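A look at the structure
The chain contents come next:
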Amino acid sequence: IDYPSDGKHNYKYKIRHCFLADQHDCLLDPHNAYSVYDKACKYRETVLVEDLEELEHKTPIEKSLLQNGIRSHLVAPLLNKEGEVIGILEVGSPHPYELNSFAELAFKELLPLFNLAVERSREETDNQIEAIIREKFTAIHPSVEWRFVESAFNYLDNVEKHGKKAPVEQIVFEDVFPLYAQSDIVSSSVTRNRAIQEDFAQNLELIKKVLEGAVKQVDFPLLHHYLLETDHRIAQLKTELKSSDESLVMEFIQKEIHPLFVEMARKDVGLATEVSFYQSQLDPHFGVVYRKRKDYEESVTRINSALSDHFEHEDERAQRMIPHYFERYKTDGVQFEIYAGQSLLQTEKFSNLHLRNLRLWQLLTLCNVTRQMETLKSELPMPLSTAQLIFVYGQPISVRFRQDDKRFDVDGAYNIRYEIIKKRIDKAFLLESEERLTQAGKIAIVYATDKDREEYMDYLDFLKLEGYIEDEIEEVELERLQETQGLRALRVTVK
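As a starting point, this report considers the structure included with it.

Conventions and cut-offs
Residues numbered from 1 in each chain as written. Predicted model: local features only at pLDDT ≥ 70, side-chain atom pairs only at ≥ 80, totals over all residues. Heavy atoms only, no water. Buried < 20%, exposed > 50% of the residue type's maximum accessible area, 1.4 Å probe, protein only. Helix = DSSP H or I, 4+ residues; strand = E, 2+ residues; numbered from the N terminus. Pairing = 2+ DSSP bridges. Axes fitted to C-alpha atoms, helices over the stretch in contact; angles between N-to-C directions. Contact = heavy atoms within 4.5 Å. 1 Å grid on protein atoms, 1.4 Å probe; cavity = no way out; pocket = protein on both sides within 12 Å on 5 of 7 lines; lining within 4 Å. Points joined across faces, edges and corners; volume = space filled by probe spheres on them. Nonpolar A, V, L, I, M, F, W, Y, C, P; charged D, E, K, R; others polar.

Quick look at the pairing of strand 6 (residues 333–340) now. Taking burial as the measure, the 8 residues of strand 6 include 8 buried ones, the bulk of the element. The alternating pattern of strand 6 places Gly-333, Gln-335, Glu-337 and Tyr-339 on one face and Val-334, Phe-336, Ile-338 and Ala-340 on the opposite face, and all of these are buried. Sheet topology places strand 4 (residues 172–185) next to strand 6; 8 bridges connect them, and they run antiparallel. Counterpart to Phe-177 in the pairing with strand 6 is Ala-340. Examined bridge by bridge, strand 5 (residues 325–331) and strand 6 share 7 bridges and lie antiparallel to one another. Note that in strand 6 the partner of Arg-328 across the bridge is Phe-336.

This paragraph deals with the sheet that holds strand 1 (residues 47–49). Reading across the sheet, the 3 strands line up as 1-2-3 and stay open at both edges, with antiparallel pairing between neighbours. In the strand order of this sheet, the two ends are held by strand 1 and strand 3 (85–93), each with one partner. Averaged over all neighbouring strand pairs, the angle between strand axes comes to 10 degrees, with direction disregarded. Bridge analysis of strand 2 (residues 72–79) against strand 3 gives 8 bridges, and the strand direction is antiparallel. Pairing of Pro-77 across the sheet is with Ile-88, part of strand 3. On the sheet, helix 1 (residues 36–43) packs against strand 1, strand 2 and strand 3 and is oriented at approximately 35 degrees with respect to strand 2.

Before going further, it helps to spend a moment on the pairing of strand 12 (residues 488–494). The buried count for strand 12 comes to 5 of 7 residues, which makes it a mostly enclosed element. Pairing analysis gives 6 bridges linking strand 10 (residues 442–447) to strand 12, with the strands arranged antiparallel. Each residue of the ladder has a partner; that of Ile-445, found in strand 12, is Leu-490. Two elements, strand 11 (residues 469–477) and strand 12, share 6 bridges in a ladder whose sense is antiparallel. Bridge pairing links Ile-469 to Val-494 in strand 12.

Quick look at the layout of surface pockets now. In this model, the second largest pocket occupies a volume close to 390 Å³. In this structure, the second largest pocket is lined by 17 residues; those nearest its centre are Ile-185, Ser-187, Ser-188, Lys-427 and Arg-436. Elements with a contribution of two residues or more to the lining of the second largest pocket: strand 4 and helix 5 (188–217). Of the residues belonging to the lining of the second largest pocket, the class tally is 5 nonpolar, 7 polar and 5 charged.

As structure tokens, this is what we get:
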């Protein structure tokens, strides 16, 4: 069976069990016009060819069928209730005339059964696609789906009363507790810039070698100019890499040096060999040396993937403790946020016990992920470390689903403070110090009140007894951040 979209959906249906599945991506391709498949779909009729060898006008389709040993062939369109083609059914034989008009009559009796089977298959595919879209591509987390369903029913009621201009009610969850945590790659910007520097430096050294050989073999004054320019750029790269340097060096290599090399290779056979070797050292996609950056990017990708998998797996456990909203974001590392509270629950009861349980679960999760990242480090093309952070916000907040962004955000001016602090603390320094709060292999727990400190000291004592962390618990104060002061932190080293 091989069938295209029915027009209601933009995605394709594919159940490929046909003779030419490995040779033709689409049996109804315009290049195969008037083939047996094309005629069957175009005229909505069964097409019988008793011997393909005797066909006067063979398209690539008929030729492929013959190459596959098919001599006698019968193909029929499968139609839905509206008469649209939803599939193709075919039968073939290696013997000419084995499929004839008698076989065609029996074949037609089977078609309604296949029509029904394909329709059911399409419906199952539709359901699976919609489930995947809900799970993978929208912000409607399963824990709060009940509230969106409720809102949809209310909207339908309003449409009946007020017409299509009826407003969609706002979805707000009040008095929920946020739990924010992150596992970020240490010094990611510095490491990335260093990788860029090393790649460009190697690229320019390769260019310099070709130019030094060229000035000895070809009388071309411009070569001396570019040799000096290359030396100058190498010297610049050894000192620092400014934000504008990346694009300038890339432009110099690709728009000035590479056209020059093409011209030199055309003029001299010996230079053509050197230029060919130079080109073999370049990344085929980016057209420059791209080794250290590739190692960095692959390492970041693997870290992000491992972190995401770990957090999502752990959240499945936490959801069984008490349903809550969970969202994660990938940057250079992974952040995840939880909202938990009574307003998020349709039937269950939320208590302070659930909140404490989630906070301890979050802390244990970061301990385990710190260990996992240390193990993964030795397997990466570029060894990178992560630093872990928890932000404790003791007051409940309100969150609103933003229709424009299709995501939840804090609601109201009072709650904005939480969002501001959350976005700034990971880059914070200790008070009157040049030391960053977040450190490799450690967990920093930022808090504002003594009550929060006492709660987390209790958890940390438990973690020490269980062998998760070292005995020393650092108590530090953060530098004053914009609009925020007096924040403190507990910092521990994971065993």
